[in-house]
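Listed below are the residues making up each chain.
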Amino acid sequence: MDCRRRTASSHSGRDRCESASFYGTRGRVPGRCRPLIVRLLFALGRHLPLRVLHLLGDVIGQAAWRLNRKGRRLALRNIELCYPLLSRTEQRRMAQQAFRHYVKSLLEYPLVWTGCPQRLQSLIVEIEGRELIDEALAQGKGLIIAAMHLGAFEVGIIPMSAHYPMTGMYKPIKNPQLDALSRHGRTRFGGKVIPIVKRQGKRAVGSDVLRALKRGEIIYTMPDRDPPRSHGVFAPYFGISTHSPVLIPRLVQATGARVLICTGRRLPRGRGFAVRFTEPPAGYDSQDLCEAVAALNAGIETSVRTMPDQYWWNYKRFKRRPYGECCFYNGKTQAQPPATEKPEISTLRAA
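Now for a description of the structure that goes with this document. (Residues numbered from 1 in each chain as written. Predicted model: local features only at pLDDT ≥ 70, side-chain atom pairs only at ≥ 80, totals over all residues. Heavy atoms only, no water.)

### As for the overall build of the protein chain
A count of helices and strands for the protein chain gives 10 helices and 11 strands. Every one of the 351 residues in the protein chain was classed for burial, and the buried ones make up 48%. Taking the contacts inside the protein chain whose residues are at least 6 apart along the sequence as the reference set, 76% of them involve residues at least 24 apart. If you sum the accessible surface of the protein chain, you get close to 17500 Å²; carbon and sulfur atoms cover 54% of it. (Helix = DSSP H or I, 4+ residues; strand = E, 2+ residues; numbered from the N terminus. Buried < 20%, exposed > 50% of the residue type's maximum accessible area, 1.4 Å probe, protein only. Contact = heavy atoms within 4.5 Å. Areas by Shrake-Rupley, 256 points an atom, 1.4 Å probe, with all protein chains shown as cover.)

### Things to note about the pairing of strand S11 (residues 273–278)
Direction of pairing for strand S1 (residues 124–128) relative to S11: parallel, over a ladder of four bridges. When the bridges of S11 are listed, Ile-124 appears paired with Phe-273. Examined bridge by bridge, strand S10 (residues 258–266) and S11 share six bridges and lie antiparallel to one another. In the sheet register, Gly-264 faces S11, and the bridge partner there is Val-275. Hairpin remark: S10 followed by S11, antiparallel, with six residues in the connecting loop; positive phi at Arg-269, about 55°. (Pairing = 2+ DSSP bridges.)

### Quick notes on the environment of Cys-290
When you line up the elements, Cys-290 lands in helix H10 (residues 289–306). With relative accessibility at 42%, the residue Cys-290 sits in the partly exposed group. For the pair formed by Cys-290 and Pro-236, sequence separation is 54 residues and the distance between their alpha carbons is 9.5 Å. Excluding its chain neighbours within four sequence positions, the residues that come into contact with Cys-290 are Val-233 and Ala-235.

### Considerations on the packing of aromatic side chains
For the structure shown, the criterion picks out 13 aromatic pairs. Ring geometry for Tyr-311 against Trp-313: centres 4.9 Å apart, planes inclined by 75°, an arrangement best described as edge-to-face. Among the residues examined, Trp-313 registers a relative accessible area of 3% and is labelled buried. Centroid distance Phe-318 to Phe-328: 6.3 Å. Interplanar angle 85°. Geometry classified as edge-to-face. Taken together, the positions of Phe-318 in the segment after H10 and Phe-328 in the segment after H10 put the pair 10 residues apart, joining distant regions of the chain. Note on accessibility: Phe-318 and Phe-328 belong to one class, buried. Aromatic rings pair up to connect Tyr-83, Tyr-237, Phe-238, Tyr-311, Trp-313, Tyr-315, Phe-318 and Phe-328 into one cluster. One Lys or Arg, Arg-317, reaches over the ring of Tyr-237 and ends 5.4 Å from the middle of that ring. (Phe/Tyr/Trp six-rings, centres within 6.5 Å; stacked < 30°, edge-to-face > 60°. Lys NZ or Arg CZ within 6 Å of the ring centre and 35° of its normal.)

### Structural notes on the sheet that holds S1
The mixed open sheet is built from seven strands, whose spatial order is S1-S11-S10-S2-S7-S3-S4. Of all strands in the sheet, those bounded by a partner on one side alone are S1 and strand S4 (192–195). Strand-to-strand twist across the sheet, computed as the mean angle between neighbouring axes with direction ignored, equals 25°. (Axes fitted to C-alpha atoms, helices over the stretch in contact; angles between N-to-C directions.)

### Notes on the pattern of salt bridges
Proximity of charged atoms lets side chains of opposite charge pair with each other. Under the criterion given, the structure shown has 12 salt bridges. For Arg-305, the salt bridge identified is with Glu-301, shortest N-O distance 3.0 Å. Note that Arg-305 and Glu-301 are positioned in helix H10 at a spacing of four residues, about one turn of the helix. We classify Arg-305 as partly exposed; its relative accessible area is 39%. Overall, Glu-301 belongs to the buried group, its relative accessible area being 17%. (Salt bridge = Lys/Arg side-chain N within 4 Å of Asp/Glu carboxyl O.)

### Here we look at the packing of helix H3 (residues 69–82) against helix H4 (residues 88–114)
The interhelical angle for the contact between H3 and H4, taken along N-to-C directions, is 125°, at an axis separation of 9 Å. As judged from the angle between their axes, H3 and H4 are oblique. Relative to H4, H3 is oriented so that their crossing is right-handed. Of the residues in H4, those touching H3 at Gly-71, Arg-72, Ala-75, Leu-76, Ile-79 and Glu-80 are Arg-88, Gln-91, Arg-92, Met-94, Ala-95 and Phe-99. In terms of residue class, the contact of H3 with H4 is built from six nonpolar, two polar and four charged. (Parallel < 35°, antiparallel > 145°, perpendicular 65-115°, else oblique. Left-handed = near helix turned anticlockwise from the far one by under 90°. Nonpolar A, V, L, I, M, F, W, Y, C, P; charged D, E, K, R; others polar.)

Scope: geometric values only; no functional claims are made or implied.
What follows is the structure, given as structure tokens:
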């Protein structure tokens, strides 16, 4: 059965990145020039006033909206799925704003990763729920902070490592210069990072995360991605049965750690950022994996609904569907894998 839709094009599984690039194709910049361009952009970006960065984000984001047909259609499709009651005009307005905020996030990286630490901390004009962090750490079982691709998501977390022992999980960037900058930026306040690498064909973070939690430290990760089949279960998200990561619930089951959701709202006119920490709904620590994931998804959805225009809608959050159902993006039916594949989810054990 093939229920392919004409509203989304298929690329025969050759998409190398779930999030579309600004212009849909790779740039033609010679490889030897890229390190110099990266350094120049970061040197400029970390010194510009935040208001100027955000004005540039509006201009470049609007251009990206017009030029990047693939990303535009992907954002509109996701918003259509999550906000079906909005009019087409309202959906387009939200998608346009999301494009602008996506570019603002990219333009903020030089400031967050390499800018003056005192200046970055001064731009965090409001922190709500910090007492929840201290309460969680006082229990001695560690703390898991769930961030999302929402607003200035790293602004609220990276500077915290100057005050708390923190370890973050990140996916290495293919460009070695950018990867080195990202590792430096995420650790320059004293935190650590663990690369998410493939081992025996599966993504893994090793036992370092479990050890950090057993020491009563903080780890942070981003659970709003569609993981590989062996690393997720289907649970409600925006009213859709969504393939969702099980890492956080597994870590909670193994260690008894608390979980907080972190958001970083980008304030208008470059006034700074408002960081908020909240607890997910009851049930995130359930021994029933599906119930725990559903509770975490509910907390993430609540956070996104507070500022949907600042969410990264231009990636394939609903890529994997239950076997036999059609993909939301290319209309193809997702077939059952061969019997030799083992989709079971492994159990984490504290080291």
